[in-house]
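# Structural overview for review
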Amino acid sequence: MAETARHSETRYGNRPTMKDVAARAGVGLKTVSRVVNSEPGVTPDTERRVQEAIEALGFRRNDSARVLRKGRTASIGLVLEDLADPFYGPLSRAVEEVARAHGALLINGSSAEDPEREQELVLALCARRVDGLIVIPAGDDHRYLEPEIKAGVATVFVDRPAGRIDADMVLSDSFGGAREGVAHLIAHGHRRIGFIGDQPRIHTATERLRGYHAAMADAGMRVEDSWVSLASTDPDRVRAATEQMLAGPEPVTAVFAGNNRVTVTVVRVLAEQERRIALVGFDDIELADLLGITVISQDAAAVGRTAAEHLFRRLDGADHAPARVELPTTLIARGSGELPPA
């Protein structure tokens with residue numbers, strides 16, 4: 001009965017204030033402020049009464065008001081493409097570790113690859129007075145951020161460049177990585193190599209396609225239109241593209257998958273058809289080592305860490321021109337990319 005009564009007294013969202021603490025302890029607001037902020041001028045008996053009131057009410061200091069007086073909120077925002085994508089797990093964790101080392105809180109959200117949702121989320125974070133932003137862009141026009149950047153919101157773009165503004169960016173070498181992966185397939189005897197990638201409006205997809213074409217051109221090899229497919233990474237779409245490339249009198253003998261989601265679907269199709277088709281995927285995937293999948297690996301943690309460190313240097317006063325940092329990728333040969341043509 002008593003438990004039910006206590007529950008009925010709860011008013012979610014109405015947190016106790018310093019005024020509530022002062023009333024319960026029988027002291028003034030200034031006294032509570034001194035205790036909360038560990039300032040001198042309070043007798044031990046009064047401090048004990050205030051601490052007892054704080055504990056009884058569950059009071060927590062309003063850090064947002066305190067840091068706003070200093071002009072900083074000790075928080076940064078991270079806007080990802082898709083929180084479920086394995087690539088963003090280590091990236092987000094690295095950003096959080098750097099933020100924590102600087103005494104800052106990380107707030108993140110997902111744009112779901114929707115430019116309007118990206119803008120809505122970014123401006124919502126700015127309205128909450130974050131000190132800086134790390135953005136994996138979904139759109140190609142970021143002029144909406146110019147007033148925020150001019151107002152002092154440090155901003156770093158990751159994985160893809162900003163659109164129509166000059167801004168700091170940290171990227172992986174998508175072009176070079178794809179070029180190396182396709183050259184690896186060519187070195188193992190392949191001439192008919194398919195490319196399945198993400199939507200052509202996405203910077204990384206077009207850069208990896210450019211790397212594919214460069215490797216084929218380096219080897220003096222032609223590229224048939226039917227060997228290239230760029231669209232969404234929806235499994236049904238990727239499955240259809242893979243099956244089409246494997247059909248006909250002259251099917252491809254190897255596939256370069258443009259990202260981790262594409263690679264997963266291609267692996268499923270090849271397993272179902274029991275086809276010995278060579279495969280190199282861009283981005284590592286879970287269990288790739290056990291499945292023997294050759295990949296072009298990006299160091300997602302290094303990307304996140306580099307972006308966050310760059311952001312905090314900006315917040316500490318670095319005022320150089322917008323910088324572009326491009327991190328190298330690594331070819332990890334595990335077997336699937338070393339298969340000879342069937």
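Residues numbered from 1 in each chain as written. Predicted model: local features only at pLDDT ≥ 70, side-chain atom pairs only at ≥ 80, totals over all residues. Heavy atoms only, no water.

A separate point is helix α2 (residues 18-25). Among the residues making up α2, those that are buried are Val21, Ala22 and Ala25. Seen along its axis, α2 keeps its buried residues to an arc of 100 degrees; they face one direction. α2 presents Lys19, Ala23 and Arg24 as exposed residues on the side facing more than 90 degrees away from its buried surface. Lining the buried residues of α2 we find α3 (29-36) and α4 (44-57). In the stretch just after α2, Gly26 is the one whose phi turns positive, near 70 degrees. (Buried < 20%, exposed > 50% of the residue type's maximum accessible area, 1.4 Å probe, protein only. Helix = DSSP H or I, 4+ residues; strand = E, 2+ residues; numbered from the N terminus. Arc of directions from axis to C-beta. Contact = heavy atoms within 4.5 Å.)

Before going further, it helps to examine the sheet that holds strand β9 (residues 278-282). Judged by pairing direction, the sheet is mixed, and its six strands sit side by side in the order β7-β6-β8-β9-β10-β12 without closing on themselves. Of all strands in the sheet, those with a lone pairing partner are β7 (228-230) and β12 (330-332), marking the two edges. Strand-to-strand twist in this sheet, taken as the mean axis angle between neighbours without regard to direction, amounts to 15 degrees. In terms of strand pairing, strand β6 (residues 193-197) meets β7 through three bridges, oriented parallel. Within the sheet, the bridge partner assigned to Ile196 lies in β7 and is Ser229. Across the sheet, helix α10 (residues 203-218) lies against β6, β7 and β9, angled at about 170 degrees from β6, the strand it touches most. On the sheet, helix α11 (residues 235-246) packs against β6 and β7 and is oriented at approximately 170 degrees with respect to β6. (Pairing = 2+ DSSP bridges. Axes fitted to C-alpha atoms, helices over the stretch in contact; angles between N-to-C directions.)

Further remarks concern the packing of aromatic side chains. Tallied over the full model, the rule gives three aromatic pairs. Centre to centre, the rings of Phe195 and Tyr212 are 5.4 Å apart; their planes meet at 45 degrees, and the pair counts as tilted. Here the residue Phe195 occupies a position in strand β6, and Tyr212 occupies one in helix α10, the gap between them amounting to 17 residues. The burial state of Phe195 is the same as that of Tyr212; both residues are buried. Ring geometry for Phe195 against Phe256: centres 5.9 Å apart, planes inclined by 15 degrees, an arrangement best described as stacked. (Phe/Tyr/Trp six-rings, centres within 6.5 Å; stacked < 30°, edge-to-face > 60°.)

One can read the domain layout of the protein as domain 1 (2-61), domain 2 (73-172 + 300-328) and domain 3 (174-298). Centre-to-centre, using C-alpha coordinates, domain 1 lies 62 Å away from domain 3. (Domains from an automatic or database assignment.)

This part covers the pattern of salt bridges. Inspection of the entire model under this criterion finds 19 salt bridges. Among the salt bridges present, the one from Arg48 reaches Glu52, with a minimum N-O distance of 3.1 Å. Here the residue Arg48 and the residue Glu52 both occupy positions in helix α4, the gap between them amounting to four residues, near one helical turn. Take Arg48: its relative accessible area is 40%, and that puts it in the partly exposed class. By relative accessible area, which is 44% here, Glu52 ends up partly exposed. For Asp218, the salt bridge is made with Arg179, and the minimal N-O distance between the two is 2.8 Å. Of this pair, Asp218 sits in helix α10 while Arg179 sits in helix α9 (residues 174-187), and the two are 39 residues apart along the sequence. With relative accessibility at 54%, the residue Asp218 sits in the exposed group. Sharing partners across several salt bridges, the network here consists of Glu81, Asp85, Glu113, Asp159, Arg160 and Arg261. (Salt bridge = Lys/Arg side-chain N within 4 Å of Asp/Glu carboxyl O.)

Further remarks concern the nonpolar core. Core analysis: the largest hydrophobic core is formed by 37 residues, its most contacted members being Val182, Ile193, Ile196, Tyr212, Met216, Phe256 and Val266. Counting residues per element, the ones that place at least two in this core are α9, β6, α10, α11, β8 (254-257), α12 (260-273), β9 and β10 (294-297). Membership of the second largest hydrophobic core comes to 26 residues, among which are Ala104, Ile136, Ala154 and Leu327. (Core = buried A, V, L, I, M, F, W, Y, C linked by side-chain atoms within 4.5 Å.)

What follows concerns the packing of α2 against α4. At their nearest, the axes of α2 and α4 sit 9 Å apart, and the two run at 125 degrees to each other. Judged by the angle between their axes, α2 and α4 are oblique. Crossing of α2 over α4 shows right-handed handedness. Of α4, the residues touching α2 (which contributes Asp20, Val21, Arg24 and Ala25) are Arg49, Val50, Ala53, Ile54, Ala56 and Leu57. Of the residues that constitute the contact of α2 with α4, the class distribution is seven nonpolar, no polar and three charged. (Parallel < 35°, antiparallel > 145°, perpendicular 65-115°, else oblique. Left-handed = near helix turned anticlockwise from the far one by under 90°. Nonpolar A, V, L, I, M, F, W, Y, C, P; charged D, E, K, R; others polar.)

All right, on to a nonpolar patch on the surface then. Together, Leu287, Leu290 and Leu291 give the surface a local cluster of nonpolar side chains, amounting to about 340 Å² of exposed area. Tracing the chain through its elements places Leu287 in the loop between β9 and α13 (288-291). (Patch = residues over 30% accessible without salt bridge, like charges linked within 9 Å, V, L, I, M, F, W, Y side chains within 5 Å. Areas by Shrake-Rupley, 256 points an atom, 1.4 Å probe, with all protein chains shown as cover.)

According to the stated counting rule, one finds two cavities of 30 Å³ or more in the structure shown. In this structure, the largest cavity occupies an estimated 150 Å³ of space. Forming the boundary of the largest cavity are 16 residues, of which Thr204, Arg208, Asn259, Arg261 and Asp283 lie nearest the centre. Sorting the residues of the lining of the largest cavity by element identifies α10 and α12 as the ones contributing at least two each. For the lining of the largest cavity, the leading source of residues is α10, giving three residues. Of the residues belonging to the lining of the largest cavity, the class tally is three nonpolar, five polar and eight charged. Mapping the lining of the largest cavity onto the domain boundaries places at least three of its residues in each of domain 2 (73-172 + 300-328) and domain 3 (174-298). (1 Å grid on protein atoms, 1.4 Å probe; cavity = no way out; pocket = protein on both sides within 12 Å on 5 of 7 lines; lining within 4 Å. Points joined across faces, edges and corners; volume = space filled by probe spheres on them.)

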